[in-house]
Amino acid sequence: AMGTLGCCLIFFIAIPFAIYYLSYIPHFTGAQGLTWERFWNEQAQMLRYHAGQADPHPYQSRWFEWPLMLRPMWYYTDPYMPQGQVYTIVCMGNPAVWWPGVLALAYTLWAWIRQNVCGEARDPRAAVVLIGFTAQMLPWVFVTRSTFIYHYFPSLIFIILSLVYAWERIGTAHPRAERALLPCYMTGVLVLFLCFYPFGTGYAMSRTYADAMNWLRALRVPWRSYGGWLGY
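None of the values given here were measured: they were computed from a predicted structure. (Residues numbered from 1 in each chain as written. Predicted model: local features only at pLDDT ≥ 70, side-chain atom pairs only at ≥ 80, totals over all residues. Heavy atoms only, no water.)

Student: Could you give me a rundown of the packing of aromatic side chains, with the residues and numbers involved?
Tutor: The final tally for this structure, using the stated rule, is 29 aromatic pairs. Measuring from ring centre to ring centre gives 5.6 Å for tyrosine 107 and tryptophan 110, while their planes differ by 35°; the resulting arrangement is tilted. Here tyrosine 107 pairs with tryptophan 110, and both are found in helix α3 (residues 95-116), just 3 residues apart, close to one helical turn. The exposure class assigned to tryptophan 110 is partly exposed, which follows from its relative accessible area of 43%. Through a chain of ring-to-ring contacts, three or more aromatic side chains come together here, namely Phe17, Tyr20, Tyr21, Tyr24, Phe28, Trp36, Phe39 and Trp40. Directly above the aromatic system of tyrosine 59 lies the positively charged group of arginine 71, at a separation of 4.3 Å from the ring centroid. (Phe/Tyr/Trp six-rings, centres within 6.5 Å; stacked < 30°, edge-to-face > 60°. Helix = DSSP H or I, 4+ residues; strand = E, 2+ residues; numbered from the N terminus. Buried < 20%, exposed > 50% of the residue type's maximum accessible area, 1.4 Å probe, protein only. Lys NZ or Arg CZ within 6 Å of the ring centre and 35° of its normal.)

Student: Residue-level account of a nonpolar patch on the surface, with values.
Tutor: There is a patch of nonpolar side chains on the surface, built from Met2, Leu5, Leu9, Ile10, Phe11, Phe12, Ile13, Ile15 and Ile19 and spanning about 960 Å² of accessible area. As for its position among the elements, phenylalanine 12 is in helix α1 (residues 2-22). According to the relative accessible area criterion, phenylalanine 12 is exposed, its value standing at 64%. (Patch = residues over 30% accessible without salt bridge, like charges linked within 9 Å, V, L, I, M, F, W, Y side chains within 5 Å. Areas by Shrake-Rupley, 256 points an atom, 1.4 Å probe, with all protein chains shown as cover. Salt bridge = Lys/Arg side-chain N within 4 Å of Asp/Glu carboxyl O.)

Student: Explain α1 residue by residue, including any values.
Tutor: Across its 21 residues, α1 extends 28 Å between first and last C-alpha, which sits within 8% of the 30 Å expected from 1.5 Å per residue. Isoleucine 10 marks where α1 bends most, by close to 30°. (Expected span 1.5 Å × (residues − 1). Bend = angle between axes of the 7 residues up to and from the residue.)

Student: If you had to explain α3 to someone new, which residues and values would you point to?
Tutor: End to end, α3 covers 31 Å across 22 residues, agreeing with the expected 32 Å (1.5 Å per residue, within 8%). Of all bends in α3, the biggest is about 35°, found at glycine 101. Taken residue by residue, α3 has Pro95, Ala96, Val97, Trp98, Gly101, Ala104, Leu105, Thr108, Ala111 and Gln115 as its buried positions. Contacts made by the buried residues of α3 are with α4 (124-141), α5 (153-173) and α6 (175-201). Between the side-chain oxygen of the N-cap and the backbone nitrogen of alanine 96 there are 2.9 Å, and the N-cap of α3 in question is asparagine 94. (Contact = heavy atoms within 4.5 Å. Polar contact = N/O pair within 3.5 Å; in protein donor to acceptor, adjacent residues only side chain to side chain.)

Structure (structure tokens):
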């Protein structure tokens, strides 16, 4: 156990910190080089900026909006497209991954509760997924500055792992159901990836198609008023 702890301290704390610290060498090239004082002042300045940055932005979103993609980030649009066509770049994910991922994460939590409260055989994978997701997501609950959907991306790793975990458990308990449903689900993921591909790459498309994919156009929530989740 002590050996494992020592390896964790070396590979997950000491080495990453050393790499991060040394990455500032080019930044301080014109300021007589990197020193601990300059490094520390830079961290303090970044913290002050982010703690006090609260300028409103039309595409800012809160942490509880990210898992359901209620407010994707709009990066770019071309106003000079031919009439009836649109060109846009939107920061978003695949609905077939993000939305079922919320259910899969809830299922992972339920499985963990059954294992630790109801006496079911313990599976450490559930705890790893839940701890990883919480460690990435929980700090954003307390952030008061403007935040955006791309802050959710590190948490998405554990959403995908929860999907894998849920499918694996379904396959163990109901192998025939998994063999029938998993190909359908993967096909849906591929189809929606292709459907939303123009929105993430700036590929020109008709406004009719863009309107058809703007599923949440009629969505109304108490804390926001907008006519759709996609920008174009």
